[in-house]
Amino acid sequence: MPELVSQWDLSDDSRLYGKIGTSAKSGGFATSGSAPTRDSIEFDDETAITGEIGYRTRFMEGRGRFNVTAFYTQFEDVQVQTFQLDGANVLSLIDNAGESTSKGLEFEIDYLLANWLTIGASVGLLDAEWDKFPSAPCDFATKNSGNYDGEVPGTCNFNGKPTQFAPDYSGSLYADMNLPITSTLNLRGGINMGFSDDFFTESTLDPVAMQESYTRWDANIGIANVDGKWSLSLVGKNLSNEKILSNTVPVYPFSYVGYIHMPRTVTLQGRYNF
């Protein structure tokens, strides 16, 4: 899996870099609930070639940082996990789907607004779609209607369609503080707003299993010893109590079970370093 990287230092505070490389994900054997044969459960390696170019800079005498990255990845023999129904049983299968392309831009910026306060943002723009997947598994609606359009009978043609877990945009805005309140104690805290466009959570691209766009808030506040020996914090996760799908699988007869991230949680957290 060779990789070539080149870097150009434009100044003491900025540089350009370029990278091209290959990678692979090993093949193997999937498991299922039926009596499988070797041919039915074996899947091959997934391979990818990636090109990336980026710009990194610091500004305002090092108080600020800005990064931008453009990337392009071509995947072949993509390993796709699907859940298919065999009577009342759900079978977990893995197969090599074909080819897909993922390309996009990533931006990061942060700034030391005060000696005790840092603000920042990160945004990702993504375009990920199937280039070649002419015999994909179909969603329930297509199976019920019989409107198959795949090369193999009973399958669907996903050529040009988006891949799963690939929102068009996502990112976060945040602020972190570390404020001295005594000679031995610091007040620490932060707030983070994460956001994402909608995306499919299931390999058949069924709209029923789509995660809608969302905004999620996390925050924390606490005190800490200046030497980092101990800290005590109140931590809030998913304070907006968003229902965010992490995965979706079909269940008998024609429905889905969705697995969601943790709901709103508030935790009192203590740490001590020996």
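Refer to the preceding data block for the structure.
Note that the structure is predicted; figures quoted are calculated from it, not measured.

Draft legend 1. Structural detail: the overall build of the protein chain. When helices and strands are counted, the protein chain shows two helices and 19 strands. Against the compact-globule benchmark of 19 Å for 274 residues, the protein chain has a radius of gyration of 24 Å, which places it well outside the compact range. Along the first, second and third principal axes, the C-alpha set of the protein chain runs to 70 × 45 × 35 Å. Evaluated residue by residue, the protein chain yields a buried proportion of 32% over its 274 residues. Sequence separation of 24 or more characterises 57% of the internal contacts of the protein chain that already satisfy a separation of 6 or more. When the accessible surface of the protein chain is summed, it comes to about 16100 Å², and 55% of that surface belongs to carbon and sulfur atoms. Across the protein chain, the centroid of the 19 positively charged side chains sits 10 Å from that of the 35 negatively charged ones.

Draft legend 2. Layout of the layout of surface pockets. Size it by volume and the second largest pocket reaches roughly 350 Å³. If you trace the second largest pocket, you find 18 residues lining it, with Phe75, Val78, Ser100, Thr163 and Gln164 closest to the centre. Contributing elements (two or more residues each) for the lining of the second largest pocket: β6 (64-76), β7 (79-86), β9 (99-114) and β10 (117-132). If you tally residues by element for the lining of the second largest pocket, the top one is β10, at four residues. Residues belonging to the lining of the second largest pocket are distributed by class as follows: nine nonpolar, six polar and three charged.

Draft legend 3. Spatial organisation of the packing of aromatic side chains. Under the defined criterion, the tally for this structure stands at seven aromatic pairs. Centroid distance Phe59 to Tyr111: 6.1 Å. Interplanar angle 5°. Geometry classified as stacked. Remark: Tyr111 occurs in strand β9 and Phe59 occurs in strand β5 (residues 46-59); sequence separation between them is 52 residues. Following the ring pairs from residue to residue traces out a cluster consisting of Trp130, Phe133 and Phe158.

Draft legend 4. How the structure looks around the environment of Gly27. Mapped onto the fold, Gly27 is located in the loop between β2 (14-25) and β3 (28-29). The spatial distance from the C-alpha of Gly27 to the C-alpha of Gly154 is 25 Å, given a sequence separation of 127 residues. For Gly27, the residues in contact, after removing those within four places along its chain, are Phe43, Asp44, Asp45 and Gln79.

Draft legend 5. Highlighting the state of the cysteines. Scanning the entire structure with this criterion turns up one disulfide. Cys138 shares a disulfide with Cys156; S-S distance 2.1 Å. Between Cys138 and Cys156 the sulfur-sulfur dihedral comes to about 120°; the bridge is accordingly right-handed. In this pair, Cys138 sits in the loop between β10 and α2 (140-145) while Cys156 sits in the loop between α2 and β11 (169-180), placing the two residues 18 residues apart along the sequence.

Draft legend 6. Just a nonpolar patch on the surface, in detail. On the surface, Ile191, Trp217, Ile221, Trp230, Leu232, Leu234, Leu239, Val266, Leu268, Tyr272 and Phe274 cluster together into a nonpolar patch covering about 1100 Å² of accessible area. Of all the elements in the fold, those that place two or more residues in the nonpolar patch are β15 (214-225), β16 (230-237) and β19 (265-272). Assignment of secondary structure puts Leu234 in strand β16. Judged by relative accessible area, Leu234 falls into the partly exposed class, the value being 42%.

Draft legend 7. Inspection of unusual backbone geometry at higher detail. Although it is not a glycine, Leu205 sits at a positive phi angle of roughly 60°. Residue position: Leu205 is located in the loop between β13 (199-200) and β14 (210-211). Phi is positive for Asn241, close to 55°, though the residue is something other than glycine. Structurally, Asn241 is set in the loop between β16 and β17 (245-251). Using a relative accessible area of 29% as the deciding quantity, one classes Asn241 as partly exposed.

Draft legend 8. Spatial organisation of a negative patch on the surface. Residues Asp44, Asp45, Glu76, Asp77 and Asp95 make up a contiguous surface patch of negative charge. Tracing the chain through its elements places Glu76 in strand β6. According to the relative accessible area criterion, Glu76 is partly exposed, its value standing at 39%.

Draft legend 9. Structural view of empty space enclosed by the protein. All told, the structure shown has two cavities of 30 Å³ or more when counted by the stated rule. The space that makes up the second largest cavity amounts to roughly 40 Å³. Along the lines of polarity and charge, the residues of the lining of the second largest cavity split into four nonpolar, two polar and one charged.

Draft legend 10. Quick peek at the pairing of β15. Bridging between strand β12 (residues 185-196) and β15 involves 12 bridges; their strand directions are antiparallel. The residue bridging Arg188 from the neighbouring strand is Gly222, located in β15. Looking at chain direction, β15 and β16 are connected through six bridges and run antiparallel. Bridge assignment links Ala224 to a residue of β16, and that residue is Ser231. Here β15 folds back onto β16, and the loop between the two strands holds four residues, one of which, Gly228, carries a positive phi near 75°.

Each value, and the rule that gives it
Residues numbered from 1 in each chain as written. Predicted model: local features only at pLDDT ≥ 70, side-chain atom pairs only at ≥ 80, totals over all residues. Heavy atoms only, no water. Helix = DSSP H or I, 4+ residues; strand = E, 2+ residues; numbered from the N terminus. Rg over C-alpha atoms; globule rule 2.2 N^0.38 Å. Buried < 20%, exposed > 50% of the residue type's maximum accessible area, 1.4 Å probe, protein only. Contact = heavy atoms within 4.5 Å. Areas by Shrake-Rupley, 256 points an atom, 1.4 Å probe, with all protein chains shown as cover. Lys, Arg positive; Asp, Glu negative; His and termini not counted. Charge placed at Lys NZ, Arg CZ, Asp CG, Glu CD. 1 Å grid on protein atoms, 1.4 Å probe; cavity = no way out; pocket = protein on both sides within 12 Å on 5 of 7 lines; lining within 4 Å. Points joined across faces, edges and corners; volume = space filled by probe spheres on them. Nonpolar A, V, L, I, M, F, W, Y, C, P; charged D, E, K, R; others polar. Phe/Tyr/Trp six-rings, centres within 6.5 Å; stacked < 30°, edge-to-face > 60°. Disulfide = S-S within 2.5 Å. Patch = residues over 30% accessible without salt bridge, like charges linked within 9 Å, V, L, I, M, F, W, Y side chains within 5 Å. Salt bridge = Lys/Arg side-chain N within 4 Å of Asp/Glu carboxyl O. Pairing = 2+ DSSP bridges.

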